[in-house]
Amino acid sequence: MTNLTIIDHPLIKRDVAILRDATVSNHVFRTTLRRISSIMAFTVTHDLRVRKTKVRTPLEVTTGYVLADDIVIVPVLRAGLGLIDGFLDVLPEARVGHVGLYRNERTLEPVDYYAKFPQGLAKSLVILLDPMLATGGSASAAITFLKRRGAKRIRFAALVAAPIGVKRVAANHPDVPMYAAALDRKLNDRGYILPGLGDAGDRLFGTE
Ligand code: PRP
Ligand code: URA
């Protein structure tokens, strides 16, 4: 599908299955989300720019590398918080912004309640995180927020995506590459992804 990369890796397939399993505890759900997001981060950041530097080993001086891109990670509250530590584990130099959105249960349209971003978004690579891409309303709104604040290089990482949501984000934001661990079948009549993994925020925080 347009702009969408499905990250195909045996460890990701295994972790998606754990996350789908309705019997796993909040604790297992949380630790699995952290682990899978760390694995996904490798693909999402595969083309980051690096700058040469010198590093002194115990024996001599050699060439080393530092990241040349300034990176800002932005989780969509609440469920995006479950992906953030996995990304920060492999991108400790990243700064973090937050966008707060929830879906109106009747209209399924996003309602925004919070936004706070680091300075200098225009020069940063912004990685937006939300495990669920369902109707695509929340991701589209979050990307619009980021663009209004000056962000120019944005990529979006989800765990499970529905075709309709991918199409909506691609139509609204054709410049934003999307990454997901799985592309699922469709939405049910309450806007939940099938087969999906249920309500990601509730399973992460035990609020179901
Ligand atoms: C979930 C999820 C996404 C949104 C996806 O959040 O984390 O933000 O739904 O659905 P969409 O693609 O149809 O917009 P939710 O509204 O459940 O809020 P919460 O994480 O605060 O519980
Ligand atoms: N939000 C979720 O948490 N799960 C879905 O399946 C759809 C939206």
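Each remark here, short or long, concerns the structure printed above.
Here's what I pulled together on the structure shown here. Small disclaimer: the values here were computed from a predicted structure and weren't measured. Residue numbers here run from 1 along each chain, matching the order of that chain's written sequence. As they are written, the chains are lettered A onward and the ligands numbered 1 onward, keeping that order. Owing to the predicted nature of the model, reporting of local features is limited to residues with pLDDT of at least 70; listing and counting of side-chain atom pairs is limited to 80 or more, with chain, interface and lining totals taken over all residues. The basis for every side-chain value is the complete set of non-hydrogen atoms in the structure, without hydrogens or water.

**Observations concerning the pairing of strand β4 (residues 70–77)**
For the record, the criterion: Each residue is placed in one exposure class: buried if its accessible area under a 1.4 Å probe, protein chains only, is under 20% of its type's maximum, exposed if it is over 50%, and partly exposed if it falls in between. To qualify as a helix, a DSSP run of H or I must reach at least 4 residues; to qualify as a strand, a run of E must reach at least 2; elements of each kind are numbered from the N terminus. We treat two strands as partners when DSSP finds at least two bridges between them.
When you tally the buried positions in β4, you get seven out of eight residues, the bulk of the element. Two strands pair when backbone bridges link them, and β4 and strand β8 (residues 124–129) are joined in this way by six bridges, in the parallel orientation. Residue pairing for β8: I71 is matched across the bridge by L125. Across two bridges, the pairing between β4 and strand β5 (residues 95–96) is parallel.

**Things to note about the site of ligand 1**
Basically, it comes down to this: Nearness of a residue to a molecule or strand requires only that one of the residue's heavy atoms be within 4 Å of it. Think of a polar contact as two N or O atoms within 3.5 Å of one another; within protein, one of them needs to be a possible hydrogen donor and the other a possible acceptor, and neighboring residues in sequence only count if both atoms come from side chains. With residues, only the protein chains shown are counted as cover, and all accessible areas are computed by Shrake-Rupley using a 1.4 Å probe.
Taken together, 15 residues form the shell around ligand 1, and within it R78, R103, D130, T135 and S138 come nearest. Contact distances for ligand 1 include 2.5 Å between an oxygen atom and a side-chain N or O atom of D130. Note that an oxygen atom of ligand 1 is positioned 2.6 Å from one of the side-chain N or O atoms of T135. Computed on the free molecule, ligand 1 has an accessible area of 500 Å², of which 90% lies beneath the protein chains in the complex. For the shell around ligand 1, the secondary-structure elements that each account for two or more residues are β6 (98–103), β9 (132–133) and α4 (137–148).

**Concerning the pattern of salt bridges**
Convention followed: By definition, a salt bridge exists where a carboxyl oxygen of Asp or Glu is found within 4 Å of a side-chain nitrogen of Lys or Arg.
Tallied over the entire structure, the rule returns 13 salt bridges. Between D15 and R14 there is a salt bridge whose closest N-O contact spans 3.1 Å. A salt bridge links R153 to D69; the nearest nitrogen and oxygen atoms lie 2.8 Å apart. With R153 in strand β10 (residues 153–157) and D69 in the loop between β3 (61–67) and β4, this pair connects stretches of sequence that are 84 residues apart. Taking relative accessible area as the criterion, R153 reaches 28% and is therefore assigned partly exposed. Exposure remark for D69: the relative accessible area of 6% places this residue in the buried category. Within the structure, one salt-bridge network assembled from shared partners comprises R14, D15 and R35.

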